[in-house]
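Descriptive structure summary
The lines below spell out each chain.
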Amino acid sequence: MAFHSKQVPISSKNSHAARNAHARAKEAVPSYDTSFIRPKRSKAPLIIVLIVLVVLAAAGAAFYFLVWNSDAETLSPGQEAIVTIEQGEGARDVADSLLEAKLVGNARKFVDLVSSENAASSLIPGVYQFEGGTSMNAILDALTTGPAATADTLTIPEGYTRANVAKAVAEATHGRISEQEFLSATAHATAYATDYPFLVSAGDASLEGFLFPKTYSVTAADDAASVTKMMLKQFGEEISGLDFAYPESQELSLYGAVELASIVQKEGKPENYARVASVFYNRLASERPYLESDATTAYEVGHDPTGEEVHADTPYSTYTHPGLPPTPICNPSIEAIKAVCAPETTDYMYFYSFDDGTYEFSKTYEQHQRAYS
């Protein structure tokens, strides 16, 4: 039932009386309780929802308990998995990651191990790589040592070419970084010249000559570019104390010095690098500035060259083209680079290496001919 009251206008003449009448009219309007005719809401749907949620939670907890306390399948030896431990993760989080990666078959046992070793606060964030069959103790040791503990060992011998280095990277990382990925990453020196000023004189050549030979640790977080930067960083550190004044006096840029060092690396031995370097400097300064190095053609053809190949009109033939070849022919050792920076002072123009590893240095071509005849 609705009740409508008519408003009484208030004028300046009867305002007091009108207000009293208006108030009495409002008091006369009854107030009705209609709750008894409203339909009551059923509590059944809410109870059903709560029951379903409780059942699901219980099922989830049971499943989680079974997963954590059961022995699941793990990777076989030879198979590898990469696990990332984030900052702030605890033993349970780490156990979950290891279980998902199939590196441990029982998460609860790993958490118990962490607890027994009191190592919860010693887990180091990072990217790790493990081989199937690695024991829980070994995994925990690695996680408390840091990512380097599971890093691949990459060894680059002195005198390796860029192609050799690419193959070594692929082998050390079990193909995670492919040869082609590394070759692509090292194809243009200009891509790194801003961070490594010693590359400026290399222009847009490849990084042949600058991939410093050493043993490196390559973690699961590293890619072709980061491995390249490791080698460039090492190169910069190795040459930081060298004086390139002498090669500059012979009109060689740093890139030219590395080119010559790569030839010295291939043609000489550590004990005579400085003398071999002097021979090449003497040739470059002569009226006939031909290096006549078989090693430059070997780099081009990929094998010990024949007489015809070394004299062929090709870019890397230093018999037919004066001066240095287009690029370095390997990645030289620091000893070879030092020899180019500080060669012996000689008037030798020739040398011959014998099968027993000894060398004969000569001043004239006639002496040189007698050395190997």
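Up top is the structure.
So, a few notes on the structure that sits alongside this text. Keep in mind that what you see is a predicted model, and the values were worked out from it rather than measured.

This part covers the nonpolar core. With 59 residues, the main nonpolar core has Leu154, Leu199, Phe210 and Met231 as its most contacted residues. Every element with two or more residues in this core is listed here: α6 (162-172), α7 (179-185), β4 (215-218), α8 (224-239), α10 (254-267), α11 (273-284), α14 (334-341) and β6 (359-362). In this structure, Leu75, Ala81, Ala119 and Ile139 belong to the second largest nonpolar core, which totals 26 residues.

Relative to the helices and strands, Ser278 is located in helix α11. Excluding its chain neighbours within four sequence positions, the residues that come into contact with Ser278 are Pro343, Glu344, Thr346 and Tyr348.

What follows deals with a nonpolar patch on the surface. Where nonpolar side chains cluster on the molecular surface, the patch consists of Leu46, Leu50, Leu53 and Leu56 and spans about 420 Å² of accessible area. Position of Leu53 relative to the elements: it lies in helix α2 (residues 44-69).

The next thing to look at is the packing of helix α3 (residues 91-100) against helix α4 (residues 107-116). Contact geometry of α3 with α4 gives a least axis separation of 9 Å together with a crossing angle of 140°. Our classification of the angle between α3 and α4 gives oblique. Between α3 and α4 lies a crossing whose hand is right-handed. Counting all contacts with α3, which are made through Ala91, Arg92, Val94, Ala95, Leu98 and Leu99, the residues of α4 involved are Ala107, Arg108, Phe110, Val111 and Val114. Across the contact of α3 with α4, the residue classes break down as 9 nonpolar, no polar and 2 charged.

With that settled, consider the packing of α11 against α14. One way to put it is that α11 packs onto α14 with a least axis distance of 8 Å and a crossing angle of 50°. Considering the angle they form, α11 stands oblique to α14. In this structure, α11 crosses over α14, and the sense of that crossing is right-handed. On the side of α11, the interface is formed by Tyr273, Ala274, Ala277 and Tyr281, while α14 contributes Glu335, Ala336, Ala339 and Val340.

Taking 1.5 Å of rise per residue, the 16 residues of α8 would be expected to cover 22 Å, and the 23 Å separating its terminal C-alpha atoms lies within 8% of that figure. Residues of α8 that are buried: Ala224, Val227, Thr228, Met230, Met231, Leu232, Gln234, Phe235 and Ile239. Against β3 (152-155), α6, α7, β4, α10 and α14 lie the buried residues of α8. For α8, the capping residue at the N-terminal end is Asp223, with a side-chain oxygen 3.3 Å from the backbone nitrogen of Ala225.

What the rule picks out here adds up to 16 aromatic pairs. Connected via pairs of aromatic rings, a cluster forms that spans Tyr196, Phe198, Phe210, Phe212, Phe235 and Tyr255. The ring of Phe361 carries the charged tip of Arg275 above its face, separated from the ring centre by 5.5 Å.

Phi angles above zero are rare outside glycine, and Asn118 is one such case at about 55°. Asn118 gets classed as exposed once you look at its relative accessible area, which sits at 65%. You will see that His174, though not glycine, has its phi angle at about 55°, which is positive. Mapped onto the secondary structure, His174 falls in the loop between α6 and α7.

Looking at the secondary structure, you find Thr219 in the loop between β4 and α8. With relative accessibility at 17%, the residue Thr219 sits in the buried group. Sequence-distant contacts of Thr219, that is, excluding residues within four places in its chain, are made with Pro147, Ala148, Ala151 and Arg176.

Calculation rules
Within any chain, residue numbers begin from 1 and follow the written order of that chain's sequence. Where totals are concerned, whole chains, interfaces and linings use all residues; where local detail is concerned, this predicted model gives features only for residues with pLDDT of at least 70, and gives and counts side-chain atom pairs only at 80 or more. Side-chain numbers here rest on the full set of heavy atoms in the structure, without hydrogens or water. The term nonpolar core refers to a set of buried residues drawn from Ala, Val, Leu, Ile, Met, Phe, Trp, Tyr and Cys, joined through side-chain atoms within 4.5 Å. A 1.4 Å probe rolled over the protein chains alone gives each residue an accessible area, and that area as a share of the maximum for its type sets the label: buried under 20%, exposed over 50%, partly exposed in between. Secondary structure elements follow DSSP: runs of H or I of four or more residues count as helices, runs of E of two or more count as strands, with numbering from the N terminus. We call two residues contacting when some pair of their heavy atoms lies within 4.5 Å. Residues forming no salt bridge and having over 30% relative accessible area are the ones grouped into patches, like charges within 9 Å of each other and nonpolar side chains (Val, Leu, Ile, Met, Phe, Trp, Tyr) within 5 Å. The method behind every accessible area is Shrake-Rupley, applied with a 1.4 Å probe, and residues are considered shielded solely by the protein chains displayed. Here a salt bridge means any side-chain nitrogen of Lys or Arg lying within 4 Å of a carboxyl oxygen belonging to Asp or Glu. Between N-to-C directions, angles cover 0 to 180 degrees, with each direction set by a line fitted to C-alpha atoms, over the stretch in contact for helices. Small angles under 35 degrees read as roughly parallel and large ones over 145 as roughly antiparallel, with 65 to 115 read as roughly perpendicular and the rest as oblique. When the near helix sits turned anticlockwise from the far one by under a right angle, the crossing is termed left-handed; a clockwise turn instead gives a right-handed crossing. Just so you know the grouping, Ala, Val, Leu, Ile, Met, Phe, Trp, Tyr, Cys and Pro go in nonpolar, Asp, Glu, Lys and Arg go in charged, and all remaining residues, Gly too, go in polar. What a helix is expected to span follows from its residue count: subtract one and scale by 1.5 Å. Here a polar contact means two N or O atoms within 3.5 Å. Within protein one must be a hydrogen donor candidate and the other an acceptor candidate, and residues neighboring in sequence count only if both atoms are side-chain atoms. Working definition: rings of Phe, Tyr and Trp (its six-membered ring) pair if their centres are within 6.5 Å, and the pair is stacked with planes under 30 degrees apart, edge-to-face with planes over 60 apart, and tilted otherwise. In this scheme, the term charge over a ring applies when either NZ of a lysine or CZ of an arginine sits within 6 Å of the ring centre and within 35 degrees of the ring normal.

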